[in-house]
Amino acid sequence: MTSDKYQKGLNKLKELTVPTPENETGHMDIGAGFKDVAPDLERWVVEFAFGDVYDRPGLDNKQKVLTTISALVAQGTPQIGMHVVTGLNVGLSPKEIVGCIMHLIPYVGFPRALNALRVAQDVFAEQGVCVETA
């Protein structure tokens, strides 16, 4: 049985992803692979990150995902790619995602921005999208 909070988070996740027959949360890794060592992790991710944080008012989904990408670039974490896919799903253009990463260079440094651009470039290739450049 799922709680109302879990369902609220799951509903928010479905706004951000493209569910597949194999995975109702689409490309989003919500910790299901850790059930053997951290059985509560998936519930925490869904209820807290998506049911509480992502479902808060004040920002639209594009702004929330761009903020998430910014934080992940600053941390240099591997989840950047997953959230670049989410950004495309919610309507961010590749140009906006690249612009965000480029804007972060003075704050996070070239190495983190270069790594994030490589991840974004790989995601764009996988998704069949191009970045419009001037």
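Residue positions are given per chain, counted from 1 along the sequence in the order it is written. Predicted model: local features are reported for residues with pLDDT of at least 70 only, side-chain atom pairs are reported and counted for 80 or more only, and whole-chain, interface and lining totals are derived from all residues. Hydrogens are left out, water is left out, and the side-chain values use all remaining heavy atoms of the structure.

The chain has the name 4-carboxymuconolactone decarboxylase in an unreviewed UniProt entry, where Paenalcaligenes hominis is given as its organism.

S.K.: Explain the overall build of the chain here, please?
M.R.: Strands here are runs of E lasting at least two residues and helices are runs of H or I lasting at least four, both read from the DSSP assignment and numbered beginning at the N terminus. The number of helices and strands found in the chain is seven helices and zero strands. Tracing the chain from N to C terminus, the helices and strands come up as α-α-α-α-α-α-α. Over its C-alpha trace the chain gives a radius of gyration of 15 Å, about what one expects of a compact globule, namely 14 Å for 134 residues. For the chain, the spread of C-alpha atoms along the three principal axes comes to 50 × 30 × 25 Å. Remark: exposure states derive from per-residue accessible area (1.4 Å probe, protein chains only) relative to the maximum for the residue type, with buried under 20%, exposed over 50%, and partly exposed in between. The buried share of the chain, taken over its 134 residues, is 37%. Note on contacts: a residue pair is in contact if any heavy atoms of the two residues lie within 4.5 Å. Look at the contacts in the chain between residues 6 or more apart in sequence, and 61% of them connect residues 24 or more apart. Each accessible area is a Shrake-Rupley result for a 1.4 Å probe, and residues are judged covered by the shown protein chains and nothing else. In the form shown here, the chain has an accessible surface area of approximately 8100 Å², with 57% of it arising from carbon and sulfur atoms. Atoms counted for the radius of gyration: C-alpha only. Globule rule: 2.2 Å times the number of residues to the power 0.38.

S.K.: Could you clarify how one ought to interpret the pattern of salt bridges in this entry?
M.R.: Two side chains carrying opposite charge are able to pair once their charged atoms lie near each other. Whenever Lys or Arg places a side-chain nitrogen within 4 Å of a carboxyl oxygen from Asp or Glu, that contact is recorded as a salt bridge. Taken as a whole and assessed by the stated rule, the structure comprises seven salt bridges. In this structure, Lys5 and Asp52 form a salt bridge, with 3.1 Å as the shortest nitrogen-oxygen distance. A residue pair is termed long-range when its members are at least 10 positions apart, and Lys5 in helix H1 (residues 4-16) and Asp52 in helix H2 (residues 41-53) qualify at 47 residues. The shortest N-O distance in the salt bridge between Glu15 and Lys12 comes to 3.0 Å. Linking Glu15 with Lys12, this pair stays in helix H1, spanning three residues, or about one helical turn. A relative accessible area of 45% means that Glu15 is categorised as partly exposed.

S.K.: Sorry if this is basic, but what is going on with the side chain of Thr17 here?
M.R.: Checked against the element boundaries, Thr17 lands in the loop between H1 and H2. Within the structure, the side chain of Thr17 is placed 3.0 Å from the backbone oxygen of Leu13, a separation counted as a polar contact. Sequence-distant contacts of Thr17, that is, excluding residues within four places in its chain, are made with Glu24, Thr25, Gly26, His27, Met28 and Asn89. Throughout this description, a polar contact denotes any pair of N or O atoms lying within 3.5 Å of each other; where both atoms belong to protein, one of them has to be capable of donating a hydrogen while the other can accept it, and for residues adjacent in sequence the pair is counted only when both atoms sit in side chains.

S.K.: Before we go on, may I ask you to explain the packing of aromatic side chains in this structure?
M.R.: For any pair of aromatic rings, geometry is given as the distance between the ring centres together with the angle between the planes. Only rings of Phe, Tyr and Trp enter the pairing, Trp through its six-membered ring, and a pair is recorded when the two centres are within 6.5 Å. The plane angle decides the type: under 30 degrees is stacked, over 60 is edge-to-face, the rest tilted. Under the criterion given, the structure shown has one aromatic pair. Aromatic side chains Phe50 and Tyr54 sit 4.9 Å apart centroid to centroid with 20° between the ring planes, which places their arrangement in the stacked category.

S.K.: I keep staring at helix H4 (residues 80-89) and nothing clicks. Help me out?
M.R.: Structurally, the α-helix is built with 3.6 residues per turn, so residues lying three or four positions apart point the same way. Most of H4 is tucked away: nine of the ten residues are buried. Inspection of H4 places Ile80, Gly81, Met82, His83, Val84, Val85, Thr86, Gly87 and Leu88 among the buried residues, and these make up the whole buried set.

S.K.: Is there a simple way to think about the UniProt feature "domain: Carboxymuconolactone decarboxylase-like" (unreviewed entry) in the chain in this case?
M.R.: UniProt positions are given in the numbering used here, feature names are shortened, and annotations may be inferred rather than shown by experiment. In this structure's numbering, the residues bearing the UniProt feature "domain: Carboxymuconolactone decarboxylase-like" (unreviewed entry) are residues 39-122. The span residues 39-122 is 77% helical and 0% strand by assignment, and the distance between its end C-alpha atoms comes to 31 Å.

S.K.: Hey, could you run me through the nonpolar core in this one?
M.R.: In globular proteins that are soluble, nonpolar side chains generally tend to be buried together. Take the buried Ala, Val, Leu, Ile, Met, Phe, Trp, Tyr and Cys residues and link them wherever side-chain atoms come within 4.5 Å; each set so joined is a nonpolar core. In this structure, Leu13, Val65, Val73, Val84, Ile97 and Ile101 are the most contacted members of the largest nonpolar core, which totals 31 residues. Secondary-structure elements contributing two or more residues to this core are H1, H2, helix H3 (61-75), H4, helix H5 (94-103), helix H6 (105-108) and helix H7 (110-127). In this view, Val73 contacts Ile80, Ile101, Leu104, Val108, Arg112 and Ala116; residues no more than four positions away in its chain are not counted.

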